[in-house]
Amino acid sequence: MWNYLRKLSSLKYYYEWSGKWVPWLTGFTVVLMIVGFYWGLFVAPADYQQGESYRIIFVHVPAAWMSMFVYVVMAVAGFIALVWRTKVSEIVVSECAVIGAMFTALALITGMLWGKPTWGTYWQWDARLTSELILLFLYLGIIAIHSAIEDSRVAARVASILAVTGVINIPIIHYSVTWWSSLHQPNMQLLSKSPSVHPSMLYPLLVMAAAFQVYFFGLLFIRMRNEILYRERLTNWVKKLLARN
Amino acid sequence: MLNVFLTVIRRDLLVAFRRRAELMNPVLFYVIVTTLFPLGVSPDVHFLSQLAPGLVWVTTLLAALISVESIFRQDFEDGSIEQLFLSPHPISLLIFGKVVAHWLITGVPMLGIVPLMALLLHIPGQALPVLWVTILLGTPILSLVGAIGAALTAGLRGGGMLLGMLVLPLYIPVLIFASSAVSASMDGLAVSGQLAMLGAGLILALILAPFAISASLRISMG
Amino acid sequence: MHTQAASVLRAHGLKCVRGSTELFSNLGFTIESGETLLVQGNNGSGKTSLLRILCGFSYPSEGEVTWCDESIYKHEGFRQQISYVGHQSGVKLDLTVLENLLFMQRLTGSDGNESEVKEVVRAVGLFKQRDVLVGKLSAGQKRRVALAKLQLEHRAIWVLDEPLTALDKEFIGKFELNLENHLDRQGILIVTTHRELKLPEHRVKRIALS
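In this text, all values refer to a predicted model and were calculated from it rather than measured experimentally.

Looking at the overall build of chain B
Working step 1: A tally of regular secondary structure across chain B gives 10 helices and zero strands.
Working step 2: Taken over C-alpha atoms, the radius of gyration comes to 18 Å for chain B, in line with the 17 Å a tight globule of 222 residues would show.
Working step 3: Along the first, second and third principal axes, the C-alpha set of chain B runs to 55 × 35 × 30 Å.
Working step 4: Each of the 222 residues in chain B was classed as buried or not, and the buried ones make up 58%.
Working step 5: Of the contacts formed within chain B by residues at least 6 apart in sequence, a portion of 81% connects residues at least 24 apart.

A word on the interface of chain A and chain B
You'll often see interface size given as the accessible area lost when the parts meet.
Working step 1: Across the contact, 27 residues belong to chain A and 22 residues belong to chain B.
Working step 2: At the boundary of chain A with chain B, total buried surface from both sides reaches about 2,000 Å², with 88% on carbon and sulfur atoms.
Working step 3: It is Ile-145, Ile-161 and Trp-179 of chain A in chain A that bury the most area against chain B; as a group they hold 23% of the surface buried on that side.
Working step 4: Where chain A touches chain B, the interface holds zero residue pairs in polar contact (both at pLDDT 80 or more).
Working step 5: For the side of chain A that touches chain B, the secondary structure elements donating two or more residues are α5 (127-148) and α6 (152-184) of chain A.
Working step 6: Here the element with the most residues in the side of chain A that touches chain B is α6 of chain A; it accounts for 16 residues.

Quick notes on the interface of chain B and chain C
Working step 1: At the junction of the two partners, chain B supplies 29 residues and chain C supplies 28 residues.
Working step 2: When the two sides are added together, the surface that chain B and chain C hide from each other amounts to roughly 2,600 Å², 54% of it contributed by carbon and sulfur.
Working step 3: Broken down residue by residue, the surface that chain B buries against chain C is led by Arg-18, Gln-83 and Leu-86 of chain B, which jointly contribute 26%.
Working step 4: Among the ionic pairs, Arg-19 of chain B bridges to Asp-94 of chain C, the shortest N-O distance being 2.4 Å.
Working step 5: Counting the contacts that link chain B with chain C gives 16 residue pairs in polar contact (both at pLDDT 80 or more).
Working step 6: Listed by contribution, the elements that provide at least two residues to the side of chain B that touches chain C are α1 (2-18), α5 (73-78), α6 (80-85), α7 (91-120) and α10 (192-221) of chain B.
Working step 7: With nine residues, α1 of chain B is the largest single contributor of residues to the side of chain B that touches chain C.

With respect to the nonpolar core
For soluble globular proteins, the rule of thumb is that nonpolar side chains tend to be buried together.
Working step 1: Membership of the largest hydrophobic core comes to 176 residues, with the highest contact counts inside it found for Trp-57, Phe-72 and Ile-213 of chain B together with Ile-190 of chain C.
Working step 2: Filtering out sequence-adjacent residues up to four positions away, Ile-213 of chain B remains in contact with Phe-72, Ile-95, Val-99, Leu-144, Ala-147, Ile-148 and Ala-151 of chain B.
Working step 3: In terms of nonpolar packing, the next biggest core, distinct from the first, is built from 35 residues, Val-91, Val-124, Trp-158 and Leu-160 of chain C among them.

A look at helix α4 (residues 87-119) of chain A
Every α-helix carries 3.6 residues per turn, so stepping three or four residues along brings you back to the same face.
Residue and element names in this part refer to chain A.
Working step 1: With 33 residues, α4 should cover 48 Å at 1.5 Å per step; its first-to-last C-alpha distance of 46 Å lies within 8% of that length.
Working step 2: Residue Cys-96 marks the point of greatest curvature in α4, where the axis turns by about 25°.
Working step 3: Positive backbone phi, at 80°, marks Gly-120, one or two positions downstream of α4.

Some remarks on the packing of α4 of chain A against α5 of chain A
The geometry of a pair of packed helices is captured by two quantities: the angle between their axes and the separation between those axes.
Residues and elements named next belong to chain A.
Working step 1: Between α4 and α5, the least distance of the axes is 9 Å, while the angle of their chain directions is 150°. In terms of orientation, α4 lies roughly antiparallel with respect to α5. Regarding α4 and α5, the two cross each other, and that crossing is left-handed. The residues of α5 that touch α4, namely those facing Ser-94, Cys-96, Ala-97, Val-98, Gly-100, Ala-101, Thr-104, Ala-105, Ala-107, Leu-108, Gly-111 and Trp-119, are Leu-129, Glu-132, Leu-133, Leu-135, Leu-136, Tyr-139, Ile-142, Ile-143 and His-146.

Reading the values: rules and limits
- All residue numbers refer to positions counted from 1 along the written sequence of the respective chain.
- Ligands are numbered from 1 and chains lettered from A, in the order in which they are written.
- Predicted model: local features are reported for residues with pLDDT of at least 70 only, side-chain atom pairs are reported and counted for 80 or more only, and whole-chain, interface and lining totals are derived from all residues.
- Note that the side-chain values use all heavy atoms of the structure and ignore hydrogens as well as water.
- To qualify as a helix, a DSSP run of H or I must reach at least 4 residues; to qualify as a strand, a run of E must reach at least 2; elements of each kind are numbered from the N terminus.
- Radius of gyration means the value over C-alpha atoms here, while the globule rule gives 2.2 Å times the residue count to the 0.38 power.
- Remark: exposure states derive from per-residue accessible area (1.4 Å probe, protein chains only) relative to the maximum for the residue type, with buried under 20%, exposed over 50%, and partly exposed in between.
- Contacts are assigned to residue pairs with any non-hydrogen atoms lying within 4.5 Å of each other.
- Summed over both partners, the accessible surface that disappears when two parts come together, traced with a 1.4 Å probe, is what is meant by buried area.
- Counting of polar contacts relies on pairs of N or O atoms within 3.5 Å, with two restrictions inside protein: one atom must be capable of donating a hydrogen and the other of accepting it, and residues adjacent in sequence are counted only when both atoms are side-chain atoms.
- For this document, the term salt bridge refers to a Lys or Arg side-chain nitrogen within 4 Å of an Asp or Glu carboxyl oxygen.
- Nine residue types can take part in a nonpolar core, namely buried Ala, Val, Leu, Ile, Met, Phe, Trp, Tyr and Cys, and a core is a set of them joined through side-chain atoms within 4.5 Å.
- Take the residue count of a helix, subtract one, and multiply by 1.5 Å to get its expected span.
- Two axes are fitted around each residue, one to the seven residues ending there and one to the seven starting there, and the angle between them is reported as the bend at that residue.
- To define axes, lines are fitted to C-alpha atoms, for helices over the stretch in contact only, and angles between the resulting N-to-C directions are given on a 0 to 180 degree scale.
- Here roughly perpendicular refers to angles of 65 to 115 degrees, roughly parallel to angles under 35, roughly antiparallel to angles over 145, and oblique to all remaining angles.
- By the definition used in this description, the sense in which the near helix is turned from the far one sets the handedness, with an anticlockwise turn below a right angle giving left-handed and a clockwise turn giving right-handed.

Structure follows, in structure tokens:
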């Protein structure tokens, strides 16, 4: 196990290893997305309160889940990068920041689109949207400082520190925002505390969540492989690889 | 060990005192920003006093952000950071001494000026003690958390903006609990919950931040 | 001095990349106690980067530095072996000569022996200026303050980046004697300089960066 992980931390080995996974992840993403979208948009029944507009949750909820999940992945990779200084985990951190920001933005945009028919306004200072907005700020901060530092290894370690600091802070921020929002809008709590979801809506939701998950890893692997090729462009194995293709 | 901690604090205070003119800057900044609000919003007593807890604390956040930016800058320029890392004493202890000195220089004046400015924004006298306690508990958190960001941006050009992007989101819980404590006390409600949260936040920051700051400085040095 | 036999600073396969330029690669050497490493090279050839790597301030892109056969990043006591005087010397302009050196002495662990500090200040010829703010001194005098700390820290490895800058001939002569004494005490010296530095030739290893 330990040896296996050590092997994976070599860029060349990781490149070859991830290459085997990419087609599978891509295939699963496509299949799960098709199934999930069809089930969610056409099979699942309309909501008795919100009608058809609720269907955006099949994108919104998985995106919101992923926005947190990616942050945790990034923080764990950041911790590994700080302690063991492995290049692969450094690249995971910088790529996760971009992908995570993307999911967060998607969750925010779909949340706002959903808010218009539900609340009658695109933006409510509701606990979840506000937390998501702050999460986006955290991601953007990491991306900004990462791009401000020229040396890619230093940049990755700075981003790692921020990711680890952030992951300690996120529960605190989340708690404080929830508490603040309950203080100002006691009625909002009812809306965000959704009653148990009916299985006919839950299953497509879970399929979509799985699709997002697989999509994330596929995207992460592809982006990391690009970055590895760029970083190692002067080494022999990359030159040989490029010559072969 | 305590000795070297106190030595670091004493040196930083001495350096700050030799540059007396700069000591007043955060306070002046605070006063000037506070005067902008009645001009920009409305001088109406009722209206202002309703906004005041938030305004007071947003201004405190900004003042803390601006003053924390320079906490390590001089040490980076004159090479003292490297010397700290060659000391046999724990680096986080030395760095903690620097943050304490920084808080004494920039946070303590806030304890004097903020209640005064609060009066200009028509916060009633009964809420001032609570405001004072929130400043006492909150500003050290701002210094500790801000120092992490300052350590990461110390070697960068144009680090100021970046620092704001990194640190302000982390300041949000302090803003929420502190300003809510002040408004609650204006309404005569209990504030022990908010103050307890601030206290817990301070303890957490005291325990964790020194390590994060020294790790950040190490990275910025390389 | 036989107990010191293992006090060896060894570097192998060092590579340093800054931005997109490679400063040096495959650099290796061994320095034993009582020896000097003289690092030579033009501006921007990576002398300062090398020195900072040897102190453990920054990591090499590749390669390793060991002290007593243990990686310097893992060796517990390594950082307490080093006195470092870089381009920026860690001297505060807003403190007096005495205040600066007292602080440095405390920082390295010895508990404020003021008479030792005064002696060192006298030795570098700044006794009259001991209570003057360093910011008011000349460049050469500032350099003397920075170098004075070497005598206070009592450390085995002296890492000096262009120590002779702005110094006058007379002081350089004195300083060379100090360095020689340090080597006699089985100390290690790592130094970059553009000016000529007289040291016993058999104790000097040279390394040229291009």
